[in-house]
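# Structural characterization, general
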Amino acid sequence: MNLINTKLLDFECDAYQDGDFIKVSTADVLGKWSIFFFYPADFSFVCPTELGDMQDHYDHLKELNCEVYSVSEDSHFVHKAWADATDTIGKIKYPMLADPNGKIARFFGVLNEELGQAYRGTFIVSPEGEIKSYEINDMGIGRNADELVRKLEASQFVAEHGDKVCPANWKPGEETIAPSLDLVGKI
């Protein structure tokens, strides 16, 4: 199933963010770029390395008008306990969404029903609430936040300049491609 340009589901959930319990809903997501960053479970092994990597890039992502939402099937209480118990997680400033019933993970197609855990899915969502890029990894394969930032910047560029596309490894400031009949077979 292809999720590109799929509209975000209508949801509301509990979350933990920087010492507070909050509610996050679809309305909070719309109007800015968003990254939904699914991971299998709190108090695990690969997950804190990934969430820490995202935190290291969080200020830059905020500068790009993007909010990060990490999501697992754990409750917001478990997210708080993990932050209290683990230095890496205690530094996280972005919202950690609780999805204990699997509604959000199921919508994005990342829920392993048998385990009750989410695969490592990463989704870039436009301000209009449409999925523009995603990848899903098996539970033991960690992700790279540098590449995720690059994909967000490319998504934003294409949204702003619909007549141009971003080649492999493109970064802001580098040349893009304006597709045309003259370029067919020449790249």
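Note that the structure is a prediction, hence the values are computed from the model and not measured. (Residues numbered from 1 in each chain as written. Predicted model: local features only at pLDDT ≥ 70, side-chain atom pairs only at ≥ 80, totals over all residues. Heavy atoms only, no water.)

## Here we look at the pairing of strand β9 (residues 131-137)
In this structure, strand β8 (residues 120-125) lies alongside β9, joined through 6 bridges in antiparallel fashion. Counterpart to V125 in the pairing with β9 is I131. Taken together, β8 and the strand that follows it, β9, pair antiparallel across an intervening segment of 5 residues, in which G129 is found at a positive phi of about 90 degrees. (Pairing = 2+ DSSP bridges. Helix = DSSP H or I, 4+ residues; strand = E, 2+ residues; numbered from the N terminus.)

## Focus: empty space enclosed by the protein
Considering all chains together, one arrives at 1 cavity of 30 Å³ or more under this definition. Around the largest cavity sit F37, D53, M54, T122, E135, R143, N144, A145 and L148, which together line it. Looking at the lining of the largest cavity residue by residue, the classes come out as 4 nonpolar, 2 polar and 3 charged. (1 Å grid on protein atoms, 1.4 Å probe; cavity = no way out; pocket = protein on both sides within 12 Å on 5 of 7 lines; lining within 4 Å. Points joined across faces, edges and corners; volume = space filled by probe spheres on them. Nonpolar A, V, L, I, M, F, W, Y, C, P; charged D, E, K, R; others polar.)

## What about the UniProt feature "active site" (unreviewed entry) in the chain?
Taking the UniProt record as the reference, the feature "active site" (unreviewed entry) is found at C47. With respect to the helices and strands, the residue C47 is situated in helix α2 (residues 46-63). Apart from residues lying up to four places away in sequence, C47 is in contact with Y39, P40, A41, W82 and R120. (UniProt positions renumbered as here; feature names shortened; annotations may be inferred. Contact = heavy atoms within 4.5 Å.)

## Here we look at α2
Taking 1.5 Å per residue, 18 residues should reach 26 Å; α2 reaches 27 Å between its end C-alpha atoms and fits that length. The largest bend in α2 amounts to roughly 50 degrees and is located at H57. Taken residue by residue, α2 has C47, P48, E50, L51, G52, M54, Q55, H57, Y58 and L61 as its buried positions. Where α2 terminates, the next one or two residues include N65, which has phi positive at roughly 60 degrees. (Expected span 1.5 Å × (residues − 1). Bend = angle between axes of the 7 residues up to and from the residue. Buried < 20%, exposed > 50% of the residue type's maximum accessible area, 1.4 Å probe, protein only.)

## Points about the pattern of salt bridges
According to the stated counting rule, one finds 10 salt bridges in the structure shown. Close ionic contact of K23 with D14 constitutes a salt bridge, the shortest N to O distance being 2.7 Å. The exposure class assigned to D14 is partly exposed, which follows from its relative accessible area of 27%. Put simply, E113 and R106 hold a salt bridge, and the shortest N to O gap is 2.7 Å. Look at E113 and you get exposed, because its relative accessible area is 51%. Assessed through its relative accessible area of 42%, R106 is described here as partly exposed. In the salt-bridge network here, residues are joined through shared partners; they are E50, R120 and R143. (Salt bridge = Lys/Arg side-chain N within 4 Å of Asp/Glu carboxyl O.)

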